[in-house]
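Working through the structure, step by step
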Amino acid sequence: MRKMAGKVLFPLLLLALILPLALAGESFPAVPVASFSTPNLFYHNWKIKKWKGTVSLDFGRREGMPFLRMFAPDSSWAFIRRFKVNLNRTPELTWSWEASVLPKGGDGRHRNTDDEAAQVYVLFAGSRWLGGLDARILGYTWETVPGKGTVYTSPKNSNCRIIVLRNENDPLHTWFTERRNVLKDFQTAFKTKDTPDPIAVSFQIDSDDTRSVAESSIARITFQPAG
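I will try to describe carefully the structure that is included in this document. As the structure is a computational prediction, the values presented were derived from the model and not from experiment.

Take the overall build of the chain next. When helices and strands are tallied, the chain shows three helices and 13 strands. A total of 227 residues make up the chain; the buried ones form 46% of that total. Of the contacts made within the chain by residues no fewer than 6 positions apart, 72% connect residues no fewer than 24 positions apart. Accessible surface, the chain as shown: approximately 12300 Å² in total, 56% of it carbon and sulfur.

This is the structure:
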């Protein structure tokens, strides 16, 4: 009886040791959020939120890569898509963007200058998401004034944390590709180890607080496995 129990127990112990290693090495496919390949597909997937003014949109291609160009004179618009993703499998958000015109004096740390040429946001449900009162938001911005690496709480939403990736010291009309670990950034920004999965992704252009002009382009937003 003891020999039989040993024969059964050993394979189970071996499986318990091997399975976590196999899962750790498992590769998950990238999850595309936006390709901007056609206007019809964009307007089908993305809801447009207007706060002020008008935004001119132009779909183009650069070296075969589709992109969306946004021009905002004294305007504030957001584009949002409800989107669920498993951050344990694909925690890194990647996208490409360039800025052509920065809002003069834009500084998101202050309510009266809260303008940015380009912003990318990941939205996480709160306990009352349907009411929208305590949803948490993690944002990445192309600012004018704040230094790169600055992390701050939005002056217009206490549940929104912003990480500055680019500013006026970066060259205009130049494409950059960003790769951010949303899982780690969320935990650091909100000082928590518990990270809910995202429920939406948004990007925005903003120039109304400084009453100036902003122009930028964005391309290929994707969630990727950790690299």
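Grouped together as the largest cluster of nonpolar side chains are 42 residues, with contacts concentrated most on W95, V182, F203, I218, I221 and F223. If we skip the residues at most four places from it in the chain, V182 touches L87, P91, L93, V122, F124, L138, Y140 and F223. Within the second largest apolar cluster, nine residues are counted, among which are Y152, I162, V164 and A200.

For S216, the location among the structural elements is in strand β13 (residues 213-224). A polar contact is formed between the side chain of S216 and the backbone oxygen of A117, at a distance of 2.7 Å. S216 has contacts with L68, R69, M70, E98, A99, S100, A117, A118 and I205, leaving out every residue within four places of it along the chain.

What follows is about the pairing of strand β8 (residues 136-142). Counting buried positions along β8 yields six of seven residues, so the element is predominantly enclosed. Judged from the seven bridges that link them, strand β7 (residues 118-124) and β8 form a sheet pairing that is antiparallel. By the bridge assignment for β8, A118 is matched with W142. Pairing between β8 and strand β10 (residues 160-166): six bridges, direction parallel. For G139, the partnering residue across the bridge sits in β10 and is I162.

As a further point, take the packing of aromatic side chains. Geometry of an aromatic ring pair is reported as the spacing of the ring centres plus the angle between the planes. For the structure on display, the rule yields 19 aromatic pairs. Measuring from ring centre to ring centre gives 4.4 Å for F124 and F186, while their planes differ by 50 degrees; the resulting arrangement is tilted. Of this pair, F124 sits in strand β7 while F186 sits in helix α3 (residues 182-189), and the two are 62 residues apart along the sequence. Residue F124 is classed as buried on the basis of its relative accessible area, which comes to 0%. The class of F186 is buried, set by a relative accessible area of 0%.

Turning next to the side chain of D185. Among the structural elements, D185 can be located in helix α3. Discounting residues that sit within four places of it in the chain, D185 has contacts with L138, Y140, I163 and R180.

Where α3 is concerned, the buried positions are V182, L183, D185, F186 and A189. With its buried residues spanning 170 degrees around the axis, α3 presents them on a single face. Turned more than 90 degrees off the buried face of α3, the exposed positions are K184 and T188. Turning to α3, the residues buried within the fold contact β6 (92-101), β7, β8, β10, β11 (176-181) and β13. Sitting at the amino-terminal end of α3 is N181, which places a side-chain oxygen 3.2 Å from the backbone nitrogen of L183. K191 occupies a position one or two residues after α3 and carries a positive phi of about 55 degrees.

This part covers the pattern of salt bridges. In total, this model carries 11 salt bridges according to the counting rule given. With its nearest N and O atoms 3.1 Å apart, the salt bridge here joins D170 to K148. Here the residue D170 occupies a position in the loop between β10 and β11, and K148 occupies one in the loop between β8 and β9 (151-153), the gap between them amounting to 22 residues. Residue classification places K148 among the partly exposed positions, given a relative accessible area of 48%.

Further remarks concern the environment of W97. With respect to the helices, strands and loops of the structure, W97 is situated in strand β6. By relative accessible area, W97 is classed as buried at 0%. With 80 residues separating them along the chain, W97 and T177 place their C-alpha atoms 6.6 Å apart. Only 2.8 Å separates the side chain of W97 from the side chain of E178, close enough to count as a polar contact.

Conventions adopted
Residues numbered from 1 in each chain as written. Predicted model: local features only at pLDDT ≥ 70, side-chain atom pairs only at ≥ 80, totals over all residues. Heavy atoms only, no water. Helix = DSSP H or I, 4+ residues; strand = E, 2+ residues; numbered from the N terminus. Buried < 20%, exposed > 50% of the residue type's maximum accessible area, 1.4 Å probe, protein only. Contact = heavy atoms within 4.5 Å. Areas by Shrake-Rupley, 256 points an atom, 1.4 Å probe, with all protein chains shown as cover. Core = buried A, V, L, I, M, F, W, Y, C linked by side-chain atoms within 4.5 Å. Polar contact = N/O pair within 3.5 Å; in protein donor to acceptor, adjacent residues only side chain to side chain. Pairing = 2+ DSSP bridges. Phe/Tyr/Trp six-rings, centres within 6.5 Å; stacked < 30°, edge-to-face > 60°. Arc of directions from axis to C-beta. Salt bridge = Lys/Arg side-chain N within 4 Å of Asp/Glu carboxyl O.

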